[in-house]
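Okay, here's what each chain looks like letter by letter:
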Amino acid sequence: MKVRFLARLALAALLVLGLAVAGDAYAKYPEKPINMVIAFTAGGSSDVQARIMQKYWNKYSDQQWVFVYKPGAGGAIGFGEIANARPDGYTIGGINIPHLVLQPMVQKAMFSIDSYAYICQVVNDPQAVVVRNDSKFTSVKDIFEFAKANPGKLKVGLVGPNSGHHLMFLDVKGKFDFPVTEVFYKGAADQNAALLGGEIDVMFGNLNDVMRSLEEMTVLGLAAEKRNAFLPDVTTLREQGFDVVSDIRRAYVAPKGIDKAQLDYLRETFKKICDDPEYIADMKKAGQPTEYMDGDAFAAYVRTQNDFARNMLQKAGLLK
Amino acid sequence: MMEFIGPAIGHLFEPLNILLMVAGLTGGIIVGALPGLTATMGVALMVPATFAMDATSGLIMLGAIYAGAIYGGSNSACLICTPGTPSSVATTFDGWPLCQAGRADIGLITSLLSSVFGGIVGTVFLLFLAAPLARFALQFGGPENFWLCIFGLSTIAVMSSGNMVKGLLSGAMGLLVSTVGIDPNVGVPRFTFGYYPLVQGIEVIPAMIGLFSFSQVLYLIGSYKPFIADYKPAPGAFGEVVRALVGRCKVNLMRSSIIGTLVGMLPGAGGEIASIISYNEAKRWDKNPERYGTGVIEGVAASESANNAVIGGSLIPMLTLGIPGSAVAAVILGALLAKGIQPGFKVFTATGDLAYTFIMSQFAVNLLMIPIGLLLARIMTKLLSIRLTFVAIAIVVLSVIGSYAIRNSMLDVWIVIVFGFLGYFSGRVGLDTGAMALGIILGPMIEENLGKCVHLSKASGGSVINVFLESPIAILLIVLTLLSLATPFLLDWKRKRRDCGCDIAQPKENSTHA
């Protein structure tokens, strides 16, 4: 038994050696399946997005993705998992901004924004100001005027605390006179239910989440630089005179220290996927607003967001 | 609606769909029965497979897995006193004593038929009353959910009427455990003792696997018995259960199914709360409540019909409003959205073919569950003829794998082991693991909803009391909670009155004389 095992081991070693000698190892990357870490539960919108990408990844690469779900603490567990994985090119994962910049600030997360090599951004999901269809508010201006006239009476729903929604709320409060009652919800589903049930009057919600209940809700404005193809008639907050831009971005990263050639391969392949018209059509069907940004530009964006978030939280006294 | 139902039934007879229903049910029951593999995980694992199917077939399959898994949870609840899914905690209360008495067959058949009944009632509500019920579910906000949870917690008083102090202490321990992790209202980590993975909190499922199944293994090994329990199947068991269910249990079944549907509709609350509330109501309204917990059909029927009725209920807000009523419904919603199907009241007209085929498939799935469930139950009772040492090893292995699989975290494996010992020793000193589990399940919801009420109070004059009193539903729930707390005293009084019926009758005579 033992001799046979050793013989097999030797054979395997020979084979591996042969392969390594035969050609440039990096030319073959990836030569085995790649672990794709998803920091949220299976079936959530991060997972759905990654599954759509996977369909097109398989078109351009002969190695599969193996999905690894590491949910918990609003993504912080999974983000930490990617950061602390071996940078051998076989563990990559999805991250979200501003989650990634906020968590190291407020909960001593096991990563920082410098823990990653950024592959690219795939989704820009803008925040929207949303009311019920039967609401008396017909514009964002109405909301601000009512809030000012009735301090504390207007109830605004946010997902949070210490979330993208919360950041937008702090930004709005910093720039305008907005004396309202804020209520935090655990997730978009609870928040949508609270708006429809009348527990809150207004909510700041992500477009992707709002799209699910559009039959019952009206989007009054989008906190984006430009209008969105999903709702071309909805004006941006800037167009309505409120300079607020806030969104949640989805991106893919590898642990820092990954080989340059491997990172280039990943960046090229992701770019090919993002340019694929069928991929874009699939994403639209799933209600995910696509926006590609290359890795270097995105890394710079993460840095500006980091400063912005630190500034916001410090002003609000939420950072010690 | 009617124009869709005919073709919908037609779709169900397509060979692929029949195959998916049978396979989904079988897989679901097995996943549900294995401690640690929950309905949510079973459905989530199969979502990618639906990408390769058309939307209707995919939904049919996910629905079948959901129904199967929620029923399957009762199998392990009855046979090894381990709820296979959190929804079957209350099934252990009477299912396990039945098994210990050698009548595991009665427990399993009752679970199966009650699950089928509950599932069908839930689906009837989904089919006919989806729109008004969805509107009703929206009335449940922070204050209503808070009081619903407190009402659920008050059942500890009834559950542990034997020793209320120990029951309350157990519940409080559960609540304390549930505060580990990030504070839902301020976002600050608590009780993590500098160990980062604890920021994600103590997950309910590993804690329950520990409290119920791991501690059960310790107990069984300590009992030196060769087998888990004697199994004395009786030939007429099926008929006996059917007679009991259509006879003395029919009101209980109906009440539990309605509670299940209503609780299922609420976004925060799911099967684990529905089954406990139903069990408790069944006990409260019974003529002989003290029989509960000794192995009565009524207890199993209440819990199992309620948790399967949750399925139809949880699909109501998911389909009509895009708001999932349970964790599993959230996964199914993800699958729907990936297919580009927008939920909304339109779903019954614009994509009526899909919606009604899905709803009709739930009826078919529930009927198919009877033969498949009976067959699997027969196989599962073989467990009782395997030597305990082997069963114990298998339970431990499954507990560890299952708990790790929930979020691929070693922390959860440690939670199972720690809570296993906690459950074992607290059982020894007479603490109630059921109450502890209730505290762990309800704690985060209570805290989160109370937080909402506190936030909302800023808009209602600064007092949380105002927020509570503004809501008629919350007031109703407060009254129910008070009644529930008074129940042990009422039961006591009832028992005393019955034990000496003459004493009550005499003063009456006296008063007529006077």
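Treat the numbers as computed from the prediction; the structure is a model and nothing was measured.

Q: With reference to specific residues and values, describe the overall build of chain B.
A: Helix and strand content of chain B: 21 helices and 2 strands. A compact globule built from 514 residues should have a C-alpha radius of gyration of about 24 Å, and chain B, at 23 Å, falls within 12% of that. Here the analysis covers contacts within chain B between residues at least 6 apart in sequence; of these, 79% occur between residues at least 24 apart.

Q: Go over the interface of chain A and chain B with me, naming the residues and quoting the values.
A: Of the residues lining the interface, 44 residues belong to chain A; the matching set on chain B comes to 43 residues. A total of 7 residues in the side of chain A that touches chain B trace back to one element, the largest contributor, which is helix α7 (residues 188–197) of chain A. Taken together, the residues that form the side of chain A that touches chain B break down as 18 nonpolar, 13 polar and 13 charged.

Q: So what's going on with the pairing of strand β1 (residues 34–38) of chain A? Which residues, and what values?
A: All names here are of chain A. The pairing of β1 with strand β2 (residues 65–69) spans 5 bridges and is parallel. Looking at β2, one finds that Met36 is bridged to Phe67. As judged from the 3 bridges shared by β1 and strand β3 (residues 91–97), these two strands associate in the parallel manner. Bridged to Val37 within β3 is Gly93.

Q: Explain helix α3 (residues 76–83) of chain A to me, and be specific about the residues and the numbers.
A: All names here are of chain A. Burial analysis of α3 places 8 of its 8 residues in the buried class, which makes it a mostly covered element. Listing the buried residues of α3 in full gives Ala76, Ile77, Gly78, Phe79, Gly80, Glu81, Ile82 and Ala83. Here the buried face of α3 lies against β1, β3, α4 (99–107), β4 (116–132) and β9 (247–255).

Q: Got a sec to walk through the domain arrangement of chain A? Specific residues and values, please.
A: Residue and element names in this part refer to chain A. With domains assigned, chain A is organised as domain 1 (28–124 + 248–315) and domain 2 (126–247). Once you take the C-alpha centre of each, domain 1 and domain 2 turn out to be 27 Å apart. Listed by contribution, the elements that provide at least two residues to the side of domain 1 that touches domain 2 are α4, β9 and α11 (295–315). The biggest single contributor to the side of domain 1 that touches domain 2 is α11, with 3 residues. Residues belonging to the side of domain 1 that touches domain 2 are distributed by class as follows: 7 nonpolar, 4 polar and 2 charged.

Q: Describe the nonpolar core, naming the residues involved and giving the relevant values.
A: Membership of the largest hydrophobic core comes to 256 residues, with the highest contact counts inside it found for Val130 and Val253 of chain A together with Val43, Tyr66 and Ile332 of chain B. Looking at which domains feed residues into this core, each of domain 1 (28–124 + 248–315) and domain 2 (126–247) of chain A gives three or more. Apart from the residues within four sequence positions on either side, Val130 of chain A is in contact with Leu195, Met203, Gly205, Val210, Met217, Thr218, Val219 and Leu220 of chain A.

Q: Could you give an account of helix α11 (residues 250–265) of chain B, naming the residues involved and the relevant values?
A: All names here are of chain B. The terminal C-alpha atoms of α11, which comprises 16 residues, lie 23 Å apart, in line with the 22 Å expected from a rise of 1.5 Å per residue. Among all positions in α11, only Asn252, Leu253, Ser256, Ser257, Ile259, Gly260, Thr261, Leu262, Val263, Gly264 and Met265 are buried. If you follow the buried residues of α11, they end up packed against α6 (104–137), α10 (237–246), α12 (271–285) and α13 (297–321).

Q: I'd like a rundown of the confidence of the model for chain B, residues and numbers included.
A: All names here are of chain B. Residues at a pLDDT of 70 or more form 96% of chain B, whose mean pLDDT is 86. The model gives residues 502–514 a pLDDT under 50, and that stretch makes 1 contact with residues more than four places away or in other chains. Overall fold confidence (pTM) sits at 0.83, and the ipTM for the predicted complex is 0.82.

Q: With reference to specific residues and values, describe the packing of helix α2 (residues 45–60) of chain A against helix α9 (residues 260–275) of chain A.
A: Residue and element names in this part refer to chain A. One way to put it is that α2 packs onto α9 with a least axis distance of 9 Å and a crossing angle of 115°. When the axes of α2 and α9 are compared, the crossing they make is right-handed. On α9, the residues that touch Met53, Tyr56, Trp57 and Tyr60 of α2 are Thr269, Lys272 and Ile273. Class assignment for the residues of the contact of α2 with α9 results in 5 nonpolar, 1 polar and 1 charged.

Procedures and definitions
Residues numbered from 1 in each chain as written. Chains lettered and ligands numbered in written order. Predicted model: local features only at pLDDT ≥ 70, side-chain atom pairs only at ≥ 80, totals over all residues. Helix = DSSP H or I, 4+ residues; strand = E, 2+ residues; numbered from the N terminus. Rg over C-alpha atoms; globule rule 2.2 N^0.38 Å. Contact = placed C-beta atoms within 7 Å. Nonpolar A, V, L, I, M, F, W, Y, C, P; charged D, E, K, R; others polar. Pairing = 2+ DSSP bridges. Buried ≥ 20, exposed ≤ 12 C-beta atoms within 10 Å, placed from the backbone. Domains from an automatic or database assignment. Core = buried A, V, L, I, M, F, W, Y, C linked by C-beta atoms within 7 Å. Expected span 1.5 Å × (residues − 1). pLDDT = per-residue confidence, 0-100. Axes fitted to C-alpha atoms, helices over the stretch in contact; angles between N-to-C directions. Left-handed = near helix turned anticlockwise from the far one by under 90°.

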